[in-house]
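# Overview (structure and organization)
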Amino acid sequence: MEWIDKYRDKARLIALLEAISAGAKKLRAPLHIMEVCGGHTHTIMRSGFAQILPKEIVLVHGPGCPVCIMPRARIDHASLLAQQDDVILLTLGDMIRVPGSFGSLGDARARGADVRFVYSPLEALRVAKENPHKLVIFFAIGFETTTPMSAALLAQIHALKLHNVLLHINHVSVPEPLFALLESPQSRIDALLAPSHVSVIMGSRLYEPLCERFHIPIVVAGFEPVDILESILLLLAQKLENTARVDNQYARCVSKSGNLKAQEMIQNAFVKRDFEWRGLGIIPRSAYALREEYRAFDAEARFASLLAQSVGKDNKACLCGAILRGAKKPTDCPLFGKHCVPTNPVGSCMVSDEGACAAYYKYGFVEA
Ligand code: SF4
C-alpha cells in the first residue's frame, strides 16, 4: 500500500489543486477536458474532483467504457446466440446485466440459457474441453486492452484444433471515435485525458495524429487521484503555453511505443472494420474483425441469418448516447436515480463499473 499511498497523498492533492486553481485564473475561457476512459470517470467522481476543481476546468465524460458503447443490436446478438440449443455463451464483465431488446443475458440465463461470466477469454478452452458436445461462444468485448487476449484465445483454439469454440468479436479502437467527436461541429472538447490501459498496449504515440490534426493538448493519465490532478495540470500548462503535444503522466506503465508483442498479436488475428457505436453511429474502421483465414471461428459469420433478427432499438428516454458524446451528464437524464438505478438499469451507462451514470449514482453526485 505504501506504493499506492503516494498517489492518494492528501498534501500532494491539495498542492496540485492549488496549482490548478492558480493556472485556471489565467485562462481566457473555460477549459473543457474530456476524460476518455470510464475508469478515470470513476476516480474523478469518487474523489469529488467534479465539485472541487475551479469552475474554469470543465470535465466532460467520454466514450471509453466498452460495455457502455455497445449498441443494442450487439447485445441482441449475444441474447440470440445464448438461446440456441447446446450453446454455452461466455463473456466478460458487466455484459450480463446490459439490457437488450430481448432482455439482458442475465434474463436469458433465468430462462434456461447457459450464459457464463469469465475472467479470462482463455477459460473458454477449459469450458470447451469439458463440454465437447456443446458449442462454446466467447462474446468478446473491450478496447485494445482486451483485444490481445482474444487473439491469444484464437491462437490456442487453432493450435489445439478445437472445433467447438467460436468468437463473436466486439473489440473496438480508441482513436477513431475521438476523431469523430473532435470533427463534429458541436464538439466542445479542448483537451483530452487519454486512457491508461489502452496506452499500455498501444503506447502514447497512438494519440499523436489526434494532436496534430486538431492541435489539442493530450495527456496519458494514470488511475489514482494524484495521477488525474497531475494530468489536468499538464493539460492546463499546455493550454496556457498555447501548445499541443502528447504528454505521458503514466510513464510508470506506459511507453511511447507500447507493448509491441501484443500489437503484433492484434495484427495477426484481426483487421479493422466499420462499427456502430452507441450514440456515435457508424464509425469507419473503428473496430476489429477476425481475419478472413479465421472465418471458421467467427460466430457472426456462422449465425448470420439468426443475428439478422436483432432489433436494436434503444429506450428513447435514455441519454446514454449523448453522455458518451460528452454532450450531456447523467444528472440531465430524467430517469437517473428514479427509474434507472444499478439494480434496474435502463441503459448501459448505469450497468458497467466504468459507466458514467453508475459513477454518479455510486458516489452520490450533487452539483457544487
Ligand atoms: S440514467 Fe439510465 S436511462 Fe438515463 S442515461 Fe443513464 S443509463 Fe440511460
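Residues numbered from 1 in each chain as written. Predicted model: local features only at pLDDT ≥ 70, side-chain atom pairs only at ≥ 80, totals over all residues. Heavy atoms only, no water.

So, about the side chain of Glu176. Inspection of the secondary structure assignment puts Glu176 in helix H9 (residues 175–183). Classification of Glu176 as buried rests on a relative accessible area of 18%. In terms of polar contacts, Glu176 uses its side chain to reach the side chain of Lys272, at 2.7 Å. Excluding its chain neighbours within four sequence positions, the residues that come into contact with Glu176 are Lys272, Ile283, Pro284, Arg285 and Ser286. (Helix = DSSP H or I, 4+ residues; strand = E, 2+ residues; numbered from the N terminus. Buried < 20%, exposed > 50% of the residue type's maximum accessible area, 1.4 Å probe, protein only. Polar contact = N/O pair within 3.5 Å; in protein donor to acceptor, adjacent residues only side chain to side chain. Contact = heavy atoms within 4.5 Å.)

Glancing now at the pairing of strand E11 (residues 281–290). Strand direction decides the pairing type here: strand E10 (residues 270–277) and E11, joined by seven bridges, are antiparallel. Bridge pairing in E11 places Trp277 opposite Gly281. Between E10 and E11, which pair antiparallel one after the other, the connecting turn spans three residues, and Gly279 there sits at a positive phi close to 85°. (Pairing = 2+ DSSP bridges.)

A separate point is the site of the ligand. Around the ligand, a shell composed of Cys318, Leu319, Cys320, Ile323, Cys333, Leu335, Phe336, Cys340, Val346, Gly347, Met350 and Cys357 is seen. A molecule is said to occupy a pocket when more than half its atoms come within 2 Å of that pocket's grid points, and by this definition the ligand occupies the largest cavity. Its residues assigned to classes, the shell around the ligand comprises 11 nonpolar, one polar and no charged. (Near = heavy atom within 4 Å. 1 Å grid on protein atoms, 1.4 Å probe; cavity = no way out; pocket = protein on both sides within 12 Å on 5 of 7 lines; lining within 4 Å. Sits in = over half its atoms within 2 Å of the grid points. Nonpolar A, V, L, I, M, F, W, Y, C, P; charged D, E, K, R; others polar.)

Our next topic: helix H5 (residues 72–82). Most of H5 is tucked away: 10 of the 11 residues are buried. Those residues of H5 that sit buried are Arg72, Arg74, Ile75, Asp76, His77, Ala78, Ser79, Leu80, Leu81 and Ala82.

This part covers the domain arrangement of the protein. Parsing the protein into structural domains produces domain 1 (2–66 + 182–248), domain 2 (72–171 + 259–307) and domain 3 (320–362). One C-alpha centre belongs to domain 1, the other to domain 2, and the line joining them spans 32 Å. Contacts between the two partners involve 10 residues from domain 1, matched on the other side by 12 residues from domain 2. Here domain 1 and domain 2 share an interface that buries about 910 Å² over both sides, 70% of which is from carbon and sulfur atoms. Of all residues in domain 1, Pro66, Ile201 and Met202 bury the most surface against domain 2, accounting for 55% of the area lost on that side. On inspection of domain 1 and its partner domain 2, the count reaches zero salt bridges. For the pair domain 1 and domain 2, the interface holds three residue pairs in polar contact (both at pLDDT 80 or more). Those elements giving two or more residues to the side of domain 1 that touches domain 2 turn out to be strand E2 (57–64) and helix H10 (197–202). For the side of domain 1 that touches domain 2, the element with the most residues is H10, which contributes five residues. Looking at the side of domain 1 that touches domain 2, its residues break down into seven nonpolar, two polar and one charged. (Domains from an automatic or database assignment. Buried area = accessible area lost by both parts, 1.4 Å probe. Salt bridge = Lys/Arg side-chain N within 4 Å of Asp/Glu carboxyl O.)

What follows is about the sheet that holds strand E6 (residues 165–171). Within the open sheet, the four strands sit side by side as E4-E3-E5-E6. Their pairing is parallel. Single-partner strands in this sheet number two, and they are strand E4 (114–117) and E6. Each adjacent strand pair in this sheet contributes to an overall mean axis angle of 20°, direction not counted. Here strand E5 (residues 135–142) pairs with E6 via seven bridges, running parallel. (Axes fitted to C-alpha atoms, helices over the stretch in contact; angles between N-to-C directions.)

Right, let's talk about the packing of aromatic side chains for a bit. A full pass over the atoms with the stated rule returns five aromatic pairs. Relative to Phe214, the ring of Phe179 has its centre 5.7 Å away and its plane inclined at 55°; by these criteria the two rings are tilted. Separated by 35 residues along the polypeptide, Phe179 in helix H9 and Phe214 in helix H11 (residues 208–214) bring together distant segments of the chain. The class for Phe179 is partly exposed, based on a relative accessible area of 23%. (Phe/Tyr/Trp six-rings, centres within 6.5 Å; stacked < 30°, edge-to-face > 60°.)

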